[in-house]
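Listed here are the chains, written in short residue letters.
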Amino acid sequence: MKKRDIYEGVIEGMDFPDKGWLYVEDRKVTVKYALPGQKVRFRVGKMKKGKAEAALLEVLEPSALENRAEACLHAGICGGCLYQTLPYEEQLRIKERQVRGLLRPVMEKYGEASFFEKPPVFGGIAPSPQSCGYRNKMEFSFGDIMKDGPLALGMHRRGSFYDIVTVTDCRIVHEDFRRILGTTLDFFAREGLPFYRKMQHTGYLRHLLVRKAAKTGQILVCLVTSSQYEGDGQRPEEQMLSDFVKAILAAGCQGTIAGVLHIVNDSLADVVQSDRTDILYGQDYFYEELLGLRFKITPFSFFQTNSPGAEVLYSAVREYVGMASAPVIFDLYSGTGTIAQLIAPAAGQVIGVEIVEEAVQAARENAALNGLTNCTFIAADVLKALDEIPQRPDFIVLDPPREGVHPKALKKIVEYGVERMIYISCKPTSLARDLDVLMAAGYRVEKWRMVDMFPGTGNVECVTLLQKNN
C-alpha cells in the first residue's frame, strides 16, 4: 500500500465520531464519512505503522441498512449530519459501540470490568424524544456553493471551509427554521447584497442565527452582518432592515416571533459574535421551560440545542445528585445555570462558575425568575476561580466544553477529595482522557449512561457518576 493508491472495499465498522474503517492488506484504513456496510472507493492518504487514513471518493453501493427516503435532500453534501440514511435504532447502536470502544482501555487499566455490565452500573443509551426537528438553535452561513455562484444560505459543504449548501430541506430543525431560512435567502437575493468573503474581509452578509423555544414556541431571528453596507444610494440600510423584518413577520411561522435583531460583527474570525446588536423588532430574548423551571434565553446564551433531549439528560443528572445531597455543590462550567438550578433542591448552596459573563448574568436572572435563593454564579475561568472561592465543595458537577477540563483545573478538582462527582461530557474522547486522571486519583465509576442529544450526527452525551474509593 502506498500513498495515493486507490482501493475499493466494504466498511466494517466506525470509530468516533465519523471514521468508517476496514482492513486492507492487514492494515486498518479509516475512511472519513463512510458508513458501516457501504462499498466504497477511496484514496490512501496519511500512513502510519499498521494504519492508514483515506479520503472517500465514491459510495459504490449503499449499506443494506440505509434508506435514502428517510434523509433530507442534502444528506452526504451538507456537513451537518452523518447518519441520516440509517434507522435511528442503528445510529444508537453505533454510538454505544463507539463510546464503549473509547472508554474500555481506561476501564480495563483500572480493573473496572463492571463498567460495561448491565444495570445498575451502565444505564444504556437513552434516545432523543425527537429524532427529527429537535434542534432549537441554528447558525446558518451566507456564501455560495461554488465560486461566483448564486447567493446561498445554510451549512458548510462537507469537508469544505468555503462552500455553502442552502439547506431548505434540513430535517433536524422545525419547519419554522426552514421558512425563515428560505425567506431570508429570497429577500437578500433580490437585494443583491454581497456575502462576507472570509479571506478578503469584504462584503456584508455573514450569518443568520435562529433560536426557537420548544415549549413556548417563541423565536429569535438574528441577522449577522459586517458594517460594510453598500446600498444603491437610494435605499438606506435602515429601510432595508425594516423591509427584512416585514418579510420575516410575513413568513408564516407556526411559532411566535419574539424578536428580530441586527448583529454587527467586524471580527476577522468566522464566528457569530457581536460588536453591536440592534433590536429591529420585539425583544432580544425569549423564555424556555425545562423540568418545571423557566429560563430566559438571549442570542448568545449557552443552552442545550435539543430541549426535549435536555430534559432526559438533566433528569439523569438530578437522579445522580439526589443520591448524595450536599451542603455545598460546585457546578463548574455552568453556562446559564441550568444544571445549578435543577439540582438546587438537593443542596444548601450551589456555586456555579462560568467564564462567559453574559451567561452568568442570564444564570442570575433565571435563578431569580425561578425563586431560587441558594444559587451563586461567578464569572471567571474555572482554573482561577478554584483558588478564590472560600467554600469547599461536598459534591462537584463538571460539564466542560468539548475539549474537556483543563489539566491544571482537574488537578485542583481532585485535591478537593469530594466523595462523589458527576462528569457530563459531549465528547467521549475528552471524557476518556479525563477519566484516566480521575481514576488514577482513586475515583471509580458508580453509574453511567449515554444520552443521544444529536440524532443524525456523530455526537453523543455521557453522564458519569464517580465515587471516591477510600
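Figured I'd write up the structure that's included with this text.

Calculation rules
- Residues numbered from 1 in each chain as written.
- Predicted model: local features only at pLDDT ≥ 70, side-chain atom pairs only at ≥ 80, totals over all residues.
- Heavy atoms only, no water.
- Pairing = 2+ DSSP bridges.
- Helix = DSSP H or I, 4+ residues; strand = E, 2+ residues; numbered from the N terminus.
- Axes fitted to C-alpha atoms, helices over the stretch in contact; angles between N-to-C directions.
- Contact = heavy atoms within 4.5 Å.
- Polar contact = N/O pair within 3.5 Å; in protein donor to acceptor, adjacent residues only side chain to side chain.
- Parallel < 35°, antiparallel > 145°, perpendicular 65-115°, else oblique.
- Nonpolar A, V, L, I, M, F, W, Y, C, P; charged D, E, K, R; others polar.
- Left-handed = near helix turned anticlockwise from the far one by under 90°.
- Buried < 20%, exposed > 50% of the residue type's maximum accessible area, 1.4 Å probe, protein only.
- Patch = residues over 30% accessible without salt bridge, like charges linked within 9 Å, V, L, I, M, F, W, Y side chains within 5 Å.
- Areas by Shrake-Rupley, 256 points an atom, 1.4 Å probe, with all protein chains shown as cover.
- Salt bridge = Lys/Arg side-chain N within 4 Å of Asp/Glu carboxyl O.
- 1 Å grid on protein atoms, 1.4 Å probe; cavity = no way out; pocket = protein on both sides within 12 Å on 5 of 7 lines; lining within 4 Å.
- Points joined across faces, edges and corners; volume = space filled by probe spheres on them.
- Lys, Arg positive; Asp, Glu negative; His and termini not counted.
- Charge placed at Lys NZ, Arg CZ, Asp CG, Glu CD.
- Core = buried A, V, L, I, M, F, W, Y, C linked by side-chain atoms within 4.5 Å.

**Thoughts on the sheet that holds strand β17 (residues 326-332)**
At step 1: Pairing within the open sheet is mixed, and its eight strands lie in the order β7-β22-β23-β21-β20-β17-β18-β19. The sheet is open, and its two edges are formed by β7 (122-126) and β19 (375-379), each paired on a single side. Geometrically, the sheet is characterised by an average inter-axis angle of 15 degrees between neighbouring strands, direction not taken into account.
At step 2: Taken strand by strand, helix α4 (residues 307-322) contacts β7, β17, β20 (395-398), β21 (420-425), β22 (443-451) and β23 (461-468), and its axis lies near 160 degrees from that of β22.
At step 3: The sheet strands contacting helix α8 (residues 407-416) are β17, β20 and β21, and the helix crosses β20 at an angle near 155 degrees.

**Examining the side chain of Lys212**
At step 1: Looking at where Lys212 falls in the secondary structure, it is placed in strand β11 (residues 205-212).
At step 2: Engagement of the side chain of Lys212 in a polar contact is seen with the side chain of His174, the distance being 3.3 Å.

**Quick look at the packing of helix α1 (residues 88-109) against helix α9 (residues 428-440)**
At step 1: Packing of α1 against α9 leaves a shortest axis separation of 9 Å and a crossing angle of 10 degrees. Relative to α9, the element α1 lies roughly parallel. Counting all contacts with α1, which are made through Val99, Leu102, Leu103, Val106, Met107 and Lys109, the residues of α9 involved are Pro428, Thr429, Leu431, Ala432, Leu435, Asp436 and Met439.
At step 2: Residues that form the contact of α1 with α9 fall into these classes: 10 nonpolar, one polar and two charged.

**Brief notes about the packing of helix α2 (residues 175-191) against helix α3 (residues 237-249)**
At step 1: Packing of α2 against α3 leaves a shortest axis separation of 10 Å and a crossing angle of 145 degrees. Relative to α3, α2 is oriented so that their crossing is right-handed. Counting all contacts with α2, which are made through Ile180, Thr183, Thr184, Phe187, Phe188 and Glu191, the residues of α3 involved are Met240, Asp243, Phe244, Ala247 and Ile248.
At step 2: Of the residues contributing to the contact of α2 with α3, the split by class is seven nonpolar, two polar and two charged.

**As for the sheet that holds strand β4 (residues 27-32)**
At step 1: Judged by pairing direction, the sheet is mixed, and its six strands sit side by side in the order β1-β5-β6-β4-β3-β2 without closing on themselves. The open sheet has two edge strands with one neighbour each: β1 (6-10) and β2 (13-15). Geometrically, the sheet is characterised by an average inter-axis angle of 45 degrees between neighbouring strands, direction not taken into account.
At step 2: Pairing geometry for β4 and strand β6 (residues 51-61), over four bridges, is parallel.

**Things to note about unusual backbone geometry**
At step 1: A cis amide bond links Phe16 with the next residue in sequence, Pro17, at an omega value of -5 degrees.
At step 2: By the secondary structure assignment, Pro17 is in the loop between β2 and β3 (19-24).
At step 3: The phi torsion at Asp26 lies on the positive side, around 65 degrees, for a residue other than glycine.
At step 4: Looking at where Asp26 falls in the secondary structure, it is placed in the loop between β3 and β4.
At step 5: Take Asp26: its relative accessible area is 76%, and that puts it in the exposed class.
At step 6: A positive phi angle is found at His201, which is not glycine, with a value near 60 degrees.
At step 7: Inspection of the secondary structure puts His201 in the loop between α2 and β11.
At step 8: Using a relative accessible area of 32% as the deciding quantity, one classes His201 as partly exposed.

**Description of the environment of Arg158**
At step 1: Take Arg158: it is sitting in the loop between β9 (151-156) and β10 (164-166).
At step 2: With 78 residues separating them along the chain, Arg158 and Gly80 place their C-alpha atoms 7.6 Å apart.
At step 3: With residues near it in sequence (within four places) discarded, Arg158 still touches Tyr33, Gly76, Ile77, Cys78, Gly79, Cys81 and Leu82.

**So, a nonpolar patch on the surface**
At step 1: Taken together, Phe161, Tyr162 and Met199 make up a surface patch of nonpolar side chains, about 350 Å² in accessible area.
At step 2: Structurally, Met199 can be placed in the loop between α2 and β11.

**Some points on empty space enclosed by the protein**
At step 1: Across all of its chains, the model carries two cavities of 30 Å³ or more by this definition.
At step 2: The calculated volume of the largest cavity comes to roughly 60 Å³.
At step 3: For the largest cavity, the full set of lining residues is Phe302, Tyr314, Tyr333, Ser334, Gly335, Thr336, Gly337, Thr338, Ile339 and Asp399.
At step 4: Looking at the lining of the largest cavity residue by residue, the class counts come to four nonpolar, five polar and one charged.
At step 5: The calculated volume of the second largest cavity comes to roughly 40 Å³.
At step 6: Looking at the lining of the second largest cavity, the elements with two or more residues in it are β11 and β15 (286-290).

**Considerations on a positive patch on the surface**
At step 1: A cluster of basic side chains, namely Lys3, Arg4, Lys19, Lys32, Arg43, Lys46, Lys48 and Lys51, defines a positive patch on the protein surface.
At step 2: Per-element accounting of the positive patch gives the leading share, three residues, to strand β5 (residues 39-48).
At step 3: Turning to its location among the elements, Lys48 is positioned in strand β5.
At step 4: According to the relative accessible area criterion, Lys48 is exposed, its value standing at 56%.

**Points about the nonpolar core**
At step 1: In terms of nonpolar packing, the biggest core is built from 78 residues, with Phe188, Val221, Val321, Ile329 and Ile422 touching the most fellow members.
At step 2: Within the second largest apolar cluster, 46 residues are counted, among which are Tyr88, Leu103, Ala432 and Leu438.

**Here's the deal with the layout of surface pockets**
At step 1: Its volume calculated, the second largest pocket comes out at about 350 Å³.
At step 2: Around the second largest pocket, the lining comprises 21 residues; the ones closest to its centre are Asp144, Tyr162, Phe195, Arg197 and Lys198.
At step 3: Of all the secondary-structure elements, those providing two or more residues to the lining of the second largest pocket are β8 (137-144) and β11.
At step 4: Taken together, the residues of the lining of the second largest pocket break down into eight nonpolar, five polar and eight charged.

**Quick look at the environment of Ala362**
At step 1: Inspection of the secondary structure assignment puts Ala362 in helix α6 (residues 357-369).
At step 2: For Ala362, a relative accessible area of 6% puts it in the buried group.
At step 3: Setting aside anything within four residues of it in sequence, one finds Ala362 in contact with Ser301 and Thr336.

Limitation: the analysis is restricted to geometry and does not speak to function.
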